[in-house]
Amino acid sequence: MAAPIAIHLEFGGGAELLFDGVKEHHVTLPSQSEPWDVKQLLVWIRENLLKERPELFVQGDSVRPGILVLINDADWELMGELEYQLQDQDNIVFISTLHGG
Amino acid sequence: MFAFLTTCVFMYDIVADCSDNVPTRYLVNDACVLSGKPLVSASALRMEGQLTVYNYNGGPCYRCLYPVPPPPETVTNCSDGGVLGVVVGVMGCLQALEVLKIASGQKSSFGQQLLMFDAQDSRFRCIKLRAKQAGCVVCGETPTVTELQDYESFCGSAATDKCRRLNLLSAEQRVSVQEYKSIVDCGTPHLLLDVRPKVEVDICHLPVSIKIPLASLEDQNADHINFLKEKISELKLQMSSELQVPVYVVCKLGNDSQKAVQLLEKMSGTELERITVKDIIGGLMAWANKIDPSFPKY
């Protein structure tokens, strides 16, 4: 069994509006047999945190195009994307790309 | 336009993207990649800004990060989201600084880096982006985009930041602001329903209006529906005979009001007494432009 892990989630660039406007969330992911990865985290967020319109956040089993995911201040592409295994105290940021100006 | 843009980009050494919509950002990115120019790209919305230098020093381009454009309905334009001049100014200054650094042969700090500015928390954060993607369709090893394409169809949205104009209703379901003005002037009994969010109602509203945000109608908010029911019954008592209570729906620009009319028509005769419901074309901004110049525009 993998122990529960505490992680820090942040939403920005407008993505926070799907979470009642709350930008920062400290959450504890429950213990489970396999280590948590980002793919499972997205399912957990959808079921536990997301307040409205899931289609504006997830598409298939990933985030929708236009949302950048950062794992500990690095683009998730550098970290293994959906397969990245979460560690206790990780900082995961979901940021909606801005187009305006 | 493409020939113009290509020529234009070829004439310069550095390009700054200060545009305000998705198709233009893909277009400018591709023009820069195809002509080998660094792209200093800044954007801002609400209390946030982002800055990156694309196609610079072997780093990624815009398409490396965003191979698929966002669904159009997820893109908030500046008019709906709100833009603060100071935030845009901060981002513009940082953008100009990077242009000067590159022009003077110094290295930009934002190749393969994204600077995020949160004006609310007064926080700058710089994060490392992915490398140039071998599979990128424009800057990758075997590019398939070798000339500029139709970016509006690629993105499924127009290359503009203007609000979209919906057309959900028939002409009989809509009135112009002039027609509504004459309804008010004649003293015809009716309800005026303002469906904007509270934050916008607080900026300005017409005094006689009752306020129920579109979101409450969509969610079938019981308190709000009951409130509407009461208002309809009150007016019904004042009206003669078998006439249905006329409800005019207004919002800022006349898009949400159409959605509200569709919802109310479904409720008419079931959750609500039978009503005649129409929306006001162009909303309160049309009212400000054509009827009452002293009404605030925002």
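Remember, it's a predicted structure, so these values are computed and weren't measured experimentally.

Rules used throughout
- Residues numbered from 1 in each chain as written.
- Chains lettered and ligands numbered in written order.
- Predicted model: local features only at pLDDT ≥ 70, side-chain atom pairs only at ≥ 80, totals over all residues.
- Heavy atoms only, no water.
- Domains from an automatic or database assignment.
- Axes fitted to C-alpha atoms, helices over the stretch in contact; angles between N-to-C directions.
- Helix = DSSP H or I, 4+ residues; strand = E, 2+ residues; numbered from the N terminus.
- Parallel < 35°, antiparallel > 145°, perpendicular 65-115°, else oblique.
- Contact = heavy atoms within 4.5 Å.
- Nonpolar A, V, L, I, M, F, W, Y, C, P; charged D, E, K, R; others polar.
- Salt bridge = Lys/Arg side-chain N within 4 Å of Asp/Glu carboxyl O.
- Polar contact = N/O pair within 3.5 Å; in protein donor to acceptor, adjacent residues only side chain to side chain.
- 1 Å grid on protein atoms, 1.4 Å probe; cavity = no way out; pocket = protein on both sides within 12 Å on 5 of 7 lines; lining within 4 Å.
- Points joined across faces, edges and corners; volume = space filled by probe spheres on them.
- Buried < 20%, exposed > 50% of the residue type's maximum accessible area, 1.4 Å probe, protein only.

Undergrad: How would you summarise the domain arrangement of chain B if you had to cite specific residues and measurements?
TA: Partitioning chain B into domains gives domain 1 (2–155) and domain 2 (171–290). Its C-alpha centre places domain 1 of chain B at a distance of 42 Å from the equivalent point of domain 2 of chain B.

Undergrad: Could you give an account of the packing of helix α7 (residues 177–185) of chain B against helix α12 (residues 283–290) of chain B, naming the residues involved and the relevant values?
TA: All names here are of chain B. Look at α7 against α12: their axes get within 10 Å of each other, and the N-to-C directions meet at 80 degrees. Taken as axis vectors, α7 and α12 run roughly perpendicular relative to one another. Between α7, through Val177, Gln178, Tyr180 and Lys181, and α12, the contact on the second element is made entirely by Gly283, Ala286, Trp287 and Lys290. Residue composition of the contact of α7 with α12, by class: 4 nonpolar, 2 polar and 2 charged.

Undergrad: How would you summarise the interface of chain B and chain A if you had to cite specific residues and measurements?
TA: Contacts between chain B and chain A engage 37 residues on the former and 29 residues on the latter. Across the chain B-chain A interface, the total number found is 6 salt bridges. A salt bridge links glutamate 10 of chain A to arginine 123 of chain B; the shortest N-O distance between them is 2.8 Å. Linking chain B with chain A are 14 residue pairs in polar contact (both at pLDDT 80 or more). Mapped onto the side of chain B that touches chain A, the elements with two or more residues apiece are α2 (22–35), β2 (39–45), β3 (48–54), α3 (62–65), β4 (113–118) and β5 (123–128) of chain B.

Undergrad: Account for empty space enclosed by the protein, with residues named and values stated.
TA: Rolling a probe over the atoms, with the probe sized like a water molecule, indicates the empty space that remains. For the structure on display, the rule yields 2 cavities of 30 Å³ or more. In this structure, the largest cavity occupies an estimated 170 Å³ of space. Taken together, 17 residues make up the lining of the largest cavity; nearest its centre are Glu10 and Ile95 of chain A together with Glu48, Asp118 and Arg123 of chain B. Among the elements of the structure, β1 (5–12) and β7 (91–96) of chain A together with β3, β4 and β5 of chain B are those that each provide at least two residues to the lining of the largest cavity. Within this model, the second largest cavity holds a volume of roughly 90 Å³. Lining the second largest cavity we find 13 residues, and of these Thr97 of chain A together with Ser41, Ser43, Gln50 and Tyr54 of chain B sit closest to its centre. Secondary-structure elements contributing two or more residues to the lining of the second largest cavity are β2 and β3 of chain B. Per-element accounting of the lining of the second largest cavity gives the leading share, 4 residues, to β3 of chain B. Tallied by class, the residues present in the lining of the second largest cavity amount to 7 nonpolar, 5 polar and 1 charged.

Undergrad: Tell me what's going on with α12 of chain B, and back it up with residues and numbers.
TA: The periodicity of an α-helix, 3.6 residues per turn, causes residues three or four places apart in sequence to face the same way. Where burial is concerned, most of α12 of chain B is hidden: 6 out of the 8 residues are buried. All of the buried residues in α12 of chain B are Gly283, Leu284, Met285, Ala286, Trp287 and Ala288 of chain B.

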